[in-house]
Amino acid sequence: KVLAHVADPQARVFFCNSGTEANEAAFKLARLTGRRRILAAHHGFHGRTMGALAMTGQPSKRRAFEPMPAGVEFYTYGDIDYLRTLVEQNPTDTAAIILEPIQGETGVIPAPAGFLAAVRALCDEHGILMIVDEVQTGVARTGDFFAFQSEDVLPDVITMAKGLGGGLPIGATIVRGLAEGLFTPGSHGTTFGGNPVSCAAATAVLDTIDDDFIAAVAAKGKSLAQAVEKLPSVDHVRGRGLMLGVVLNAPVAKQAVAEGLNQGLILNAPNESVLRLTPPLVISEEEIATATARLKTVLENIA
């Protein structure tokens, strides 16, 4: 059912328990190419285990646990010219480029139009794995099943988790193309990955998320973004589907999170001027209206 959304009949799935484990598997796949360099984006987030953390472009999260596993270098997210220059310093030793289609932990920052396609072309040119982290964006969150589908590209490695299990722990690393066959028996494993309870939950989720469901997420995301953009103190809203970043015109996001709890809203502040909205995919239009009215109260109360 996962592979039904990947346009490659040769693709394979490794099931694990979380997003960080999925990205840990991707890190090990890059190592198995025999090349040493992994290029990851500044401000990106891929998890808290050591391989995933090494690819996380946020020094504050890495600092206490250094030294990190070696070989990771960082590029400016969205800057294909910078990334190409970095690759061409040593293309034959570059194993992988990893990215999020939308950087969630930095404030819901979508990749610029055409960036994913340009990364795919760069990887094809030099035999590099393209790894796309869909842990936050996957499973219809952005109005497509995978966020990379907005650019009609197909990565070599796709990592996912979060929404896949509907609240139960399950992650997945999907491999195809250059990545297919890198894992051999005994080279990687997990104790509880693919357990029947979590897989039953994931099957129920995937049975629910059909084309009509995904289209409804896209429509509800547009409705929510348009309503929130009209609120006081909001500069603009970015993101896609039901993964939105509300950019405020003052650094009061943390105050808004605290006041939101008083109004019955659970918000998140990835930075001082941005609120991240990731409501349940089953949110109704009525609930969107209620949440928007409460957010208006929050912003008025902290003004």
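Data block above holds the structure.
All of these numbers come straight from a predicted model, not from anything done at the bench. (Residues numbered from 1 in each chain as written. Predicted model: local features only at pLDDT ≥ 70, side-chain atom pairs only at ≥ 80, totals over all residues. Heavy atoms only, no water.)

What follows is about the overall build of the chain. What the chain contains, in helices and strands, is nine helices and 13 strands. Overall, the C-alpha framework of the chain stretches about 55 × 40 × 35 Å when taken along its three principal axes. Within the chain, the fraction of its 303 residues that count as buried is 50%. Excluding contacts between residues fewer than 6 apart, the proportion of contacts in the chain whose partners are at least 24 apart in sequence is 69%. For the chain, the exposed surface amounts to about 13200 Å²; the carbon and sulfur share of it is 54%. Of note, the chain has its 25 positive side-chain charges centred 4 Å away from the centre of its 32 negative side-chain charges. (Helix = DSSP H or I, 4+ residues; strand = E, 2+ residues; numbered from the N terminus. Buried < 20%, exposed > 50% of the residue type's maximum accessible area, 1.4 Å probe, protein only. Contact = heavy atoms within 4.5 Å. Areas by Shrake-Rupley, 256 points an atom, 1.4 Å probe, with all protein chains shown as cover. Lys, Arg positive; Asp, Glu negative; His and termini not counted. Charge placed at Lys NZ, Arg CZ, Asp CG, Glu CD.)

Summed over the entire model, instances satisfying the criterion amount to four aromatic pairs. Aromatic ring contacts, followed pair by pair, group Phe145, Phe146 and Phe148 into a single cluster. (Phe/Tyr/Trp six-rings, centres within 6.5 Å; stacked < 30°, edge-to-face > 60°.)

When two helices pack together, their arrangement is captured by the angle between the axes and the distance separating the axes. Look at helix α4 (residues 80-88) against helix α5 (residues 115-126): their axes get within 11 Å of each other, and the N-to-C directions meet at 15 degrees. The angle between α4 and α5 falls in the class roughly parallel. Note on packing geometry: the crossing formed by α4 with α5 is right-handed. Residues Ile80, Leu83, Arg84, Val87 and Glu88 of α4 touch α5, and the partners they reach there are Phe115, Ala118, Val119, Leu122, Glu125 and His126. Its residues placed into classes, the contact of α4 with α5 shows seven nonpolar, one polar and three charged. (Axes fitted to C-alpha atoms, helices over the stretch in contact; angles between N-to-C directions. Parallel < 35°, antiparallel > 145°, perpendicular 65-115°, else oblique. Left-handed = near helix turned anticlockwise from the far one by under 90°. Nonpolar A, V, L, I, M, F, W, Y, C, P; charged D, E, K, R; others polar.)

The strands that make up a sheet are held in pairs by hydrogen bonds between backbone atoms, and each pair lies either parallel or antiparallel. Taken in spatial order, the four strands of this open sheet run β10-β11-β13-β12, and their pairing is antiparallel. A strand with exactly one partner marks an edge of an open sheet, and here the two such strands are β10 (234-240) and β12 (268-271). Adjacent strand axes in the sheet meet at a mean angle of 30 degrees, parallel and antiparallel pairs treated alike. Across six bridges, β10 lies against strand β11 (residues 243-248) in antiparallel orientation. Bridging from a neighbouring strand, His236 pairs with Val247 of β11. (Pairing = 2+ DSSP bridges.)

Here the bond from Glu66 into Pro67 is cis, since omega is 10 degrees, no more than 30 degrees from zero. Phi at His43 takes a positive value of approximately 75 degrees, unusual for a residue other than glycine. One can find His43 in the loop between β2 (37-41) and α2 (50-54). The backbone phi angle of Val108 is positive, close to 55 degrees, even though this residue is not glycine. Along the chain, the position of Val108 falls in the loop between β5 (102-103) and β6 (109-110).

Compared with an ideal rise of 1.5 Å per residue, which puts 14 residues at 20 Å, helix α1 (residues 19-32) spans 20 Å between its outermost C-alpha atoms and is within 8% of the ideal. Along α1, the residues classified as buried are Gly19, Thr20, Ala22, Asn23, Ala25, Ala26, Phe27, Leu29 and Ala30. For α1, the capping residue at the N-terminal end is Ser18, with a side-chain oxygen 3.3 Å from the backbone nitrogen of Glu21. Directly after α1, the chain includes Gly34, whose backbone phi takes a positive value near 85 degrees. (Expected span 1.5 Å × (residues − 1). Polar contact = N/O pair within 3.5 Å; in protein donor to acceptor, adjacent residues only side chain to side chain.)

Here we come to the nonpolar core. By size, the foremost hydrophobic cluster in this structure holds 64 residues, and its most contacted members are Tyr75, Leu83, Ile97, Met160, Leu164, Val228 and Leu295. It is helix α7 (residues 211-229) that contributes the most residues to this core, six residues altogether. The contacts of Leu295, once residues within four sequence positions are left out, are Val228, Leu231, Leu265, Leu267 and Leu275. (Core = buried A, V, L, I, M, F, W, Y, C linked by side-chain atoms within 4.5 Å.)

Attention now goes to the layout of surface pockets. Of the volumes computed, that of the largest pocket is approximately 520 Å³. Leu265, Ile266, Thr278, Pro279 and Pro280 are the residues nearest the centre of the largest pocket, which is lined by 20 residues in total. Taken together, the elements giving at least two residues each to the lining of the largest pocket come down to α7, β13 (274-277) and α9 (285-302). Residue contributions to the lining of the largest pocket peak at seven residues, all from α9. (1 Å grid on protein atoms, 1.4 Å probe; cavity = no way out; pocket = protein on both sides within 12 Å on 5 of 7 lines; lining within 4 Å. Points joined across faces, edges and corners; volume = space filled by probe spheres on them.)

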